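Observations on the three-dimensional arrangement
Residue strings, one per chain:
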Amino acid sequence: MKQKRMKFLLAVLCSLLLSLPAWSAQAATTITSNQTGSQDGYDYELWKDYGNTSMTLNSGGAFSAQWSNIGNALFRKGKKFDTTKTHSELGNISINYNATFNPRGNSYLCVYGWTKDPLVEYYIVDNWGTYRPTGTPKGTITVDGGTYDIYETTRINQPSIIGIATFKQYWSVRQTKRTSGTVSVSEHFKKWESLGMPMGKMYETALTVEGYQSNGSANVSTNVLTIGGKSK
């Protein structure tokens, strides 16, 4: 009888535990000032020079961003590398994403990152606010259902991942705006290199929302980064 009663009590306890909400699930975290970290296998960063910013870190690669009265602010989630490998050594890089994007002024929805040796800041821009990026025309690439114009610019004595430096910026800017789809990141890298725009060792690849002297908001509901056939 005692064994039967114990089994009954254990069965009731198990059923109660299964019916309880998953309190252990991580709640979204909101940050408002410069910060870097890792969450769910993704590296994140909020960087600004001044102004009001808020970044909510949701599960996986998802995040939302709000900004107002800023100088320059970047909100991003992706992968930071140790600058020991080129993109070809890492394997094919792509991002699948879905977002809502509400810029009020100058802002970009893009894939963003850096390389070292050479020091390069790069952008693959899928959407923008009042200003469409431009520079020295280098060519075009047609990929992922659209055509991107390719530009190169130079930044002189500006902040970078190694401090104040002079460096190149590479741009692929989509001719028609979108807020979802796949970005075949490695295809842009290969095209840039074919146009005499060398890439260095990889430091970062991230889906990014950037604002410049503007206000706005964005919500990235899907952001899946795949490197060498493996999703982060």
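As the structure is a prediction and not an experimental result, all values here were calculated from the model.

Let us look at the pairing of strand E8 (residues 120–128). Walk down a regular strand and you will see the side chains alternate between the two sheet faces. Of all the nine residues making up E8, nine are buried; the element is thus mostly covered by neighbouring parts of the structure. Here strand E7 (residues 93–116) folds back onto E8, and the loop between the two strands holds three residues, one of which, Asp117, carries a positive phi near 55°. Strand direction decides the pairing type here: E8 and strand E11 (residues 165–174), joined by six bridges, are parallel. Among the inter-strand pairings, Tyr122 is bridged to a residue of E11, identified as Tyr170.

It is worth spelling out unusual backbone geometry at this point. Of note, the bond from Asp117 into Pro118 is cis; its omega dihedral lies within 30 degrees of zero at 5°. Mapping Pro118 onto the fold places it in the loop between E7 and E8. For Asn157, which is not glycine, the phi dihedral falls at a positive 50°. By the secondary structure assignment, Asn157 is in strand E10 (residues 146–158).

Turning our attention to the nonpolar core. Here is a general trend for soluble globular proteins: nonpolar side chains tend to be buried in one another's company. Formed by 41 residues in total, the largest nonpolar core has its most connected members in Met55, Phe75, Tyr122, Val185, Phe189, Trp192 and Val209. If we ignore the near neighbours within four places in the chain, the residues touching Val209 are Phe63, Trp67, Ala73, Leu74, Phe75, Phe101, Ser107, Tyr108, Leu109 and Ala218. Of all hydrophobic cores here, the second largest spans 14 residues; its members include Trp114, Tyr123, Tyr151 and Ala165.

Attention now moves to helix H3 (residues 185–194). For H3, the full list of buried residues reads Val185, Ser186, His188, Phe189 and Trp192. For H3, the angular spread of the buried residues around the axis is 155°, confining them to a single face. Within two residues after H3, Gly196 carries a phi angle of roughly 80°, on the positive side.

Moving on, we get to the pattern of salt bridges. Evaluated as defined, the whole model comprises seven salt bridges. Between Glu45 and Lys80 there is a salt bridge, and its shortest N-O distance comes to 2.4 Å. On the criterion of sequence distance, the pair formed by Glu45 in strand E3 (residues 42–48) and Lys80 in strand E6 (residues 72–80) is long-range, its members being 35 residues apart. Residue Glu45 is classed as buried on the basis of its relative accessible area of 12%. With its nearest N and O atoms 3.4 Å apart, the salt bridge here joins Lys168 to Glu152. One end of the pair, Lys168, is in strand E11; the other, Glu152, is in strand E10, and 16 residues separate them in sequence. The class of Lys168 is partly exposed, set by a relative accessible area of 34%.

What follows deals with the packing of aromatic side chains. Evaluation of the coordinates by the stated rule reveals 10 aromatic pairs. Relative to Trp171, the ring of Tyr108 has its centre 5.7 Å away and its plane inclined at 85°; by these criteria the two rings are edge-to-face. Linking Tyr108 in strand E7 with Trp171 in strand E11, this pair joins segments that are 63 residues apart in sequence. A network of ring pairs unites the aromatic residues Tyr108, Tyr112, Tyr123 and Trp171 as a single cluster.

Looking now at the side chain of Asp126. Its location among the elements puts Asp126 in strand E8. A distance of 2.7 Å separates a polar atom in the side chain of Asp126 from a polar atom in the side chain of Tyr97.

Cut-off values and rules
- Residues numbered from 1 in each chain as written.
- Predicted model: local features only at pLDDT ≥ 70, side-chain atom pairs only at ≥ 80, totals over all residues.
- Heavy atoms only, no water.
- Buried < 20%, exposed > 50% of the residue type's maximum accessible area, 1.4 Å probe, protein only.
- Helix = DSSP H or I, 4+ residues; strand = E, 2+ residues; numbered from the N terminus.
- Pairing = 2+ DSSP bridges.
- Core = buried A, V, L, I, M, F, W, Y, C linked by side-chain atoms within 4.5 Å.
- Contact = heavy atoms within 4.5 Å.
- Arc of directions from axis to C-beta.
- Salt bridge = Lys/Arg side-chain N within 4 Å of Asp/Glu carboxyl O.
- Phe/Tyr/Trp six-rings, centres within 6.5 Å; stacked < 30°, edge-to-face > 60°.
- Polar contact = N/O pair within 3.5 Å; in protein donor to acceptor, adjacent residues only side chain to side chain.

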